[in-house]
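# A look at the structure
Read off the chains here:
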Amino acid sequence: MSDLKITALHKYYGEVHAVKGVDLEIPAGEFTVLVGQSGCGKSTLLRTIAGLETADAGTIEIGGEVVNDHAPRDRDIAMVFQNYALYPYMKVYENIAFGLRARRTPRAEIDAKVRKAAQMLAIDHLLERYPRQLSGGQLQRVAIGRAVVRNARLYLFDEPLSNLDAQLRDEMRGEIKRLHQDLGKTMIYVTHDQIEAMTMADRIVLLREGRIEQQGAPLDLYERPATRYVAGFLGSPTMNFIDASLERGNDALNVRLCDGTSLALPMARTAKLAGREGQRVVLGVRPEHMSRALAGDTRSGLVRYEARIDLVQPTGARTYATFRMGDTEAVAELLAHDVSQPGERIGLAIDMNRVILIDPGSDAVIG
Amino acid sequence: MKAAHRNRLKLAVRLAAATLITLLFLFPIYWLFMISFKTPDEIFSYPPKWWPAQLQFSSYAVLFRDGDATTVLNSLIVAGTSTVLAMFIGTLCAYSIARFRTGGDNLANWIISQRMVPPIAVVFPIFLLYVWLGLVDTFPGLILLYTAFNLPYVIWMMRGYILDIPIALEEAALVDGYTRWQMLWKVVFPMSRAGLFATAIFTFVFAWNEFLFALVLTRTEVTTYTVQVTHYFGGQSNFWSKISAMSVLGTLPIFIIVGFMQRYLVRGFSLGAVKG
Ligand SMILES: Nc1ncnc2c1ncn2[C@@H]1O[C@H](COP(=O)(O)OP(=O)(O)OP(=O)(O)O)[C@@H](O)[C@H]1O
Ligand SMILES: [Mg+2]
């Protein structure tokens with residue numbers, strides 16, 4: 001059974017149409033990440049699920065029950081807020097116990113649950129402190145602890161890590177993920193950080209301007225994006241998009257760039273593109289699908305492209321090389337010592353098995 | 001450690017200045033207290049006597065014997081009850097305006113504008129109304145009036161304090177299983193405690209000091225101390241000790257309240273009370 005089912009949901013703030021017909025079904029126990037640019041309606045969707053905003057149209061079902069008219073407290077949800085939302089006048093213990101007290105839980109049970117959650121989150125030594133005496137990471141743990149003790153059906157997180165520094169964020173990311181594995185609860189997690197989405201999600205729901213652009217497993221979205229937007233949103237550095245056209249090659253189709261280069265597509269990919277010869281397309285190449293061409297590399301689908309490197313950005317294991325490809329700047333993710341300085345001319349091998357082709361009119365991925 | 005030395009000196013100068021100013025302001029109050037303990041001769045003696053030869057409690061004894069002191073009690077009842085009422089009703093109104101945008105954007109401004117009506121403009125109509133309603137010289141009459149007069153101030157101030165509470169704190173409580181009413185007690189009131197106390201003190205002080213309405217709307221039953229004091233200003237000058245004793249009685253409650261709530265008062269002021 002699904003824990004959450006949303007049908008044709010709309011939400012307006014006055015004139016602003018923030019959620020424009022969202023359909024979403026989340027199976028029990030799944031970790032779903034709502035991701036998208038700032039202002040795309042992630043928080044609105046989450047808050048409507050929580051009952052903090054009312055839906056203007058559509059239905060929300062939690063555990064098989066339509067909850068549109070239920071107050072937040074009757075929806076069996078727990079929520080972790082971006083700014084922790086801890087009560088400054090209560091000690092950590094009381095903050096964690098806050099939700100249990102609302103439900104008249106016996107004192108002994110509250111104590112047991114609070115201590116267990118605190119132990120799980122390694123904050124059991126902080127229970128007697130006030131929130132102002134804690135660091136950002138500790139505050140976030142307390143906020144998570146407050147949700148965890150609740151034993152709710154649905155856990156909602158609205159950008160809980162955005163106030164933490166990078167290192168702490170990595171750490172907490174793993175911790176939340178582990179918490180999900182231990183508890184097996186259905187969790188919905190909002191973030192605008194695509195790396196957070198990729199690393200944490202069982203399923204990513206990518207929102208764009210109030211609509212779901214695409215949803216699926218992280219690698220599904222990464223490898224088989226449905227639109228140019230999805231392809232560009234996921235991945236860092238972002239995918240390179242190069243204007244091109246399709247032309248008939250010797251035995252398969254070629255992608256012809258405006259600088260005259262022709263890149264041969266593998267046979268396997270041509271069937272889907274039948275009838276599109278001569279049409280304009282956008283070629284999408286991920287930086288990591290370009291490598292330094294090696295003499296005698298005969299793997300199928302690799303095509304050679306001569307590039308003059310304009311910019312070299314080493315990151316340690318990898319080096320980002322920027323160069324002109326067709327009429328745009330492209331970035332290739334090479335091995336550390338593949339290129340050493342700007343101005344160098346090198347041969348790049350593009351893995352044509354992995355590129356995508358986009359219809360420039362509709363921005364849909366066509367092959 | 002020259003810098004540390006200079007800082008110490010600075011602090012000393014500042015403390016000295018603060019002490020001087022405090023003494024300057026405290027002096028009239030000291031004088032008032034002393035007069036109430038002096039004999040009539042001492043009051044008018046020249047050069048002035050800084051300290052009575054013997055503390056005289058006779059002025060106070062007279063006040064309690066003649067029943068004048070009960071007017072202080074009347075003031076306490078009227079100011080206390082109207083403060084509690086205005087705070088309770090006003091805070092709920094303020095919450096509604098702040099969070100549910102009750103009355104749109106301008107209701108709060110309209111409400112505070114009500115506070116700007118000069119009392120003298122409405123005192124006569126209210127007197128006629130009260131005669132008709134039989135509320136003249138009754139506790140409910142005066143309490144009702146002071147409550148109504150203080151409501152705009154309470155609503156305006158509390159709205160500012162409530163707007164300062166991060167809304168996520170309220171939402172977290174609603175999600176965690178509290179009703180909105182429970183949440184008010186668990187979150188909104190504790191979060192705005194400093195503001196609540198500061199506002200309550202001002203409300204109380206207004207009602208405590210109010211004179212015009214008390215003069216017009218009371219006779220003998222609920223005379224407040226501010227009205228009572230005026231009865232002493234006749235031709236005879238030997239009422240000075242009585243006047244000062246009465247003034248002391250009228251000042252004490254404020255001293256006590258502010259003394260107890262000083263902590264919140266200072267924080268209440270420094271919080272973002274002024275909010276458009
Ligand atoms: N209370 C509100 N009143 C009016 N418009 C709002 C309100 N809250 C959000 N919006 C608008 O609704 C849209 C969606 O906002 P939302 O907060 O859901 O975005 P988001 O995806 O969570 O963005 P972010 O990543 O910045 O948090 C935005 O255009 C925003 O300006
Ligand atoms: Mg948001």
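These notes cover the structure that comes with them.

### So, the overall build of chain B
Across its full length, chain B holds 13 helices and zero strands. In chain B, the succession of α and β elements from N to C terminus is α-α-α-α-α-α-α-α-α-α-α-α-α. For 276 residues, the compact-globule formula gives about 19 Å, and the C-alpha radius of gyration of chain B, at 23 Å, lies well above that figure. Long-range contacts, defined here as pairs at least 24 residues apart, represent 75% of the contacts in chain B between residues at least 6 apart. Entry remark: accessible area of chain B is about 15300 Å², with carbon and sulfur atoms responsible for 72%. Side-chain charges in chain B split into 20 positive and 12 negative, and the spacing between the mean points of these groups amounts to 15 Å.

### Remarks on the site of ligand 1
All names here are of chain A. Surveying the vicinity of ligand 1 reveals the residues Y13, V16, A18, Q37, S38, G39, C40, G41, K42, S43, T44 and E159. Contact between ligand 1 and C40: an oxygen atom at 3.2 Å from a main-chain N or O atom of the residue. Between ligand 1 and T44, the relevant distance is 2.4 Å, taken from an oxygen atom to a side-chain nitrogen or oxygen of the residue. Here the shell around ligand 1 gets three residues from one element, more than from any other, and that element is helix α1 (residues 42–50). Per-class residue counts for the shell around ligand 1 are four nonpolar, six polar and two charged.

### Description of the sheet that holds strand β5 (residues 65–66) of chain A
All names here are of chain A. Reading across from one edge, β2-β1-β4-β5 is the order of the four strands in this open sheet, with antiparallel pairing throughout. Edge positions in the sheet fall to β2 (16–27) and β5, since each of these pairs with one other strand and no more. Of the strand pairs in this sheet, strand β1 (residues 2–13) and β2 are connected by nine bridges, and their pairing is antiparallel. In the sheet register, H10 faces β2, and the bridge partner there is K20. Taken strand by strand, α1 contacts β1, β2 and β4 (57–62), and its axis lies near 115 degrees from that of β1.

### What to know about the pairing of strand β3 (residues 31–35) of chain A
Residue and element names in this part refer to chain A. Where burial is concerned, most of β3 is hidden: five out of the five residues are buried. The alternating pattern of β3 places F31, V33 and V35 on one face and T32 and L34 on the opposite face, and all of these are buried. In terms of strand pairing, β3 meets strand β8 (residues 186–191) through five bridges, oriented parallel. By the bridge assignment, V35 is partnered in β8 with T191. Here four bridges tie β3 to strand β9 (residues 203–208), and the two strands are oriented parallel to one another. In the sheet register, V33 faces β9, and the bridge partner there is I204.

### Remarks on the packing of aromatic side chains
Each aromatic ring pair is summarised here by two numbers: the centre-to-centre distance and the angle between the ring planes. Evaluation of the coordinates by the stated rule reveals 23 aromatic pairs over all chains. On the numbers, 5.7 Å between centres and 35 degrees between planes, the contact of F157 of chain A with Y189 of chain A is tilted. Of this pair, F157 of chain A sits in strand β7 (residues 154–158) while Y189 of chain A is found in strand β8, placing the two residues 32 residues apart along the sequence. In this structure, F157 of chain A and Y189 of chain A share a single accessibility class: buried. The interplanar angle of 75 degrees and the centroid separation of 6.3 Å between the aromatic rings of Y146 of chain B and F206 of chain B together place this pair among those described as edge-to-face. In this pair, Y146 of chain B is assigned in helix α7 (residues 139–163) and F206 of chain B in helix α10 (residues 193–209), connecting sequence segments 60 residues apart. Overall, the relative accessible area of 22% leaves F206 of chain B in the partly exposed class. An aromatic cluster is built from Y87, Y89 and F98 of chain A together with Y178 of chain B, whose rings are joined through pairwise contacts. The ring of Y222 of chain A is capped by R286 of chain A, whose NZ or CZ atom sits 3.8 Å from the centre of that ring.

### Notes on the sheet that holds strand β6 (residues 77–80) of chain A
Working definition: the strands of a sheet are paired by backbone hydrogen bonds and lie parallel or antiparallel to each other. Residue and element names in this part refer to chain A. Pairing in this open sheet of six strands is mixed, and the strands run β6-β7-β8-β3-β9-β10 from one edge to the other. For this open sheet the edge positions go to β6 and β10 (211–216), each flanked by a neighbour on one side alone. Ignoring strand direction, the axes of neighbouring strands in this sheet form an average angle of 20 degrees. Direction of pairing for β6 relative to β7: parallel, over a ladder of four bridges. Note that in β7 the partner of M79 across the bridge is L156. Most of the contacts of α1 go to β7, to which it runs at about 150 degrees, and overall it touches β3, β6, β7, β8 and β9. With respect to the sheet, helix α5 (residues 166–183) is in contact with β3, β7 and β8, its orientation differing from that of β8 by roughly 165 degrees.

The rules we used
- Residues numbered from 1 in each chain as written.
- Chains lettered and ligands numbered in written order.
- Predicted model: local features only at pLDDT ≥ 70, side-chain atom pairs only at ≥ 80, totals over all residues.
- Heavy atoms only, no water.
- Helix = DSSP H or I, 4+ residues; strand = E, 2+ residues; numbered from the N terminus.
- Rg over C-alpha atoms; globule rule 2.2 N^0.38 Å.
- Contact = heavy atoms within 4.5 Å.
- Areas by Shrake-Rupley, 256 points an atom, 1.4 Å probe, with all protein chains shown as cover.
- Lys, Arg positive; Asp, Glu negative; His and termini not counted.
- Charge placed at Lys NZ, Arg CZ, Asp CG, Glu CD.
- Near = heavy atom within 4 Å.
- Polar contact = N/O pair within 3.5 Å; in protein donor to acceptor, adjacent residues only side chain to side chain.
- Nonpolar A, V, L, I, M, F, W, Y, C, P; charged D, E, K, R; others polar.
- Pairing = 2+ DSSP bridges.
- Axes fitted to C-alpha atoms, helices over the stretch in contact; angles between N-to-C directions.
- Buried < 20%, exposed > 50% of the residue type's maximum accessible area, 1.4 Å probe, protein only.
- Phe/Tyr/Trp six-rings, centres within 6.5 Å; stacked < 30°, edge-to-face > 60°.
- Lys NZ or Arg CZ within 6 Å of the ring centre and 35° of its normal.

Nothing here speaks to function; it is all geometry.
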